[in-house]
Amino acid sequence: MNKKSDIIYGIRTVIEAAKSGQHLERVFVQKSLKGELYKELMSELHQTSTPISKVPSERINKFTKKNHQGVVALISPIQYHSLEHLIPQLYEEGKNPLILILDEVTDIRNFGAIARTAECLGVHSLVIPSRGGAQVNEDAVKTSAGAFNYLPVCREKNLLDSARFLQESGVNIISCSEKTDKTLDQVDFTLPTAIIMGSEERGISSELMELSNEIVKIPMSGSIESLNVGVASGMALYEVQRQRKS
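1. A look at unusual backbone geometry
Of note, Ser49 is a non-glycine position whose phi angle comes to about 55°, a positive value. Among the structural elements, Ser49 can be located in the loop between α2 (36-47) and β3 (52-55). A positive phi angle, near 60°, is found at Ala145, a position not held by glycine. As for its placement among the helices and strands, Ala145 is situated in the loop between α6 (138-143) and β7 (153-156).

So, in C-alpha cells, the structure goes:
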C-alpha cells in the first residue's frame, strides 16, 4: 500500500492533475463509474498514456476512506519524458543515441537493476510500455540505487510505433534474442542504436522482432540456454560501450 502522501483522489482532482502535467504512475477507477465527468477523466488519461486499472470499489476503499468518488491516482516518483522530444534533443547536442527498450519486463527487481546498469553504461533513455510492464514505483527506484533520478524514462502507448519513430529518426533497432545465429559482436553499435530486451516469460513480441534491423544473441557455451534479462541487458550494453570506445 502506498503512503497517503503518494495518492490523490476524486474525479475532478485527478483530471486537473493530469491536465497540469502531474505525472501519475497509475489510476485506479471503480468499475461501475459512468457519466460525462468519467468520460472526461478517461479521455485525459488516455491522452497522457497513464496506466489505468478498473477495479471493484473495495480496492479503491483500501487507499482511502474519504470521498474518492471511485478514483484514486498514484503519484509517480519521477517525471516521464517524451521520446519524440528526446531524440531530436540528443542529435542537437551532438550525442550518438543509445536507447534501451523493455518489452513488458515485469519483475520489479530486474527492472530496477536494468535501470542501474543502463545509467552506468551511458544509455540516454529507457523506453517502457504504459501497460504490461513494470512501472517506476518506489521499489523500482530503490532497486535502481537512484538511477531513475538520472536516467530519462519514456512511457509509451505503443512500443511498435515508438520503434518505427526511432527508425525514421535514423536509429537502428536491435532485438536481443536467442532466436538467431548472429552474435552481439557482429553488429555495428557505433551507429545510433536502440536495443530491445524482452519479457522474462515471452521474450520480444514477434511484431518488434520483424521490425528490427538486426536480431542478435549473446554467445554462450553452457548448458542453460538463456540469461536473466537484467544480466543480458548489461552484457549487451557493455558491447555497445566496448565498440564505441575502441
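The rest of the description comes next.
2. Details of helix α7 (residues 159-168)
Turn by turn, an α-helix covers 3.6 residues, leaving residues three or four places apart pointing in a common direction. For α7, the complete set of buried residues consists of Leu159, Leu160, Ser162, Ala163, Phe165 and Leu166. At the N-terminal boundary of α7, the capping side chain belongs to Asn158, with an oxygen 2.9 Å from the backbone nitrogen of Leu160. After α7 finishes, the residue Gly170 shows a positive phi value of roughly 85°.

3. Brief notes about helix α1 (residues 11-19)
If you check which residues of α1 are buried, you get Ile11, Val14, Ile15, Ala17 and Ala18. With its buried residues spanning 165° around the axis, α1 presents them on a single face. Buried residues along α1 sit against β1 (7-9), β2 (24-30), α2 and β4 (71-75). One or two steps after α1, the chain reaches Gly21, where phi turns positive at roughly 95°.

Cut-offs and rules
Residue positions are counted from 1 within each chain, in the order its sequence is given. Where totals are concerned, whole chains, interfaces and linings use all residues; where local detail is concerned, this predicted model gives features only for residues with pLDDT of at least 70, and gives and counts side-chain atom pairs only at 80 or more. Heavy atoms throughout the structure, all of them, feed into the side-chain values; hydrogens and water do not. What counts as a helix is a DSSP run of H or I of at least four residues, what counts as a strand is a run of E of at least two, and both are numbered from the N terminus. Burial classes follow relative accessibility: with a 1.4 Å probe on protein chains only, a residue under 20% of its type's maximum area counts as buried, one over 50% as exposed, and anything between as partly exposed. Polar contacts, as used here, are pairs of N or O atoms within 3.5 Å; protein pairs need one atom able to donate a hydrogen and one able to accept it. Residues neighboring in sequence count only if both atoms are side-chain atoms. The arc in question is the one traced by the directions running from the helix axis out to the C-beta atoms. Whether two residues touch is decided by their heavy atoms; if any such pair falls within 4.5 Å, the residues are in contact.

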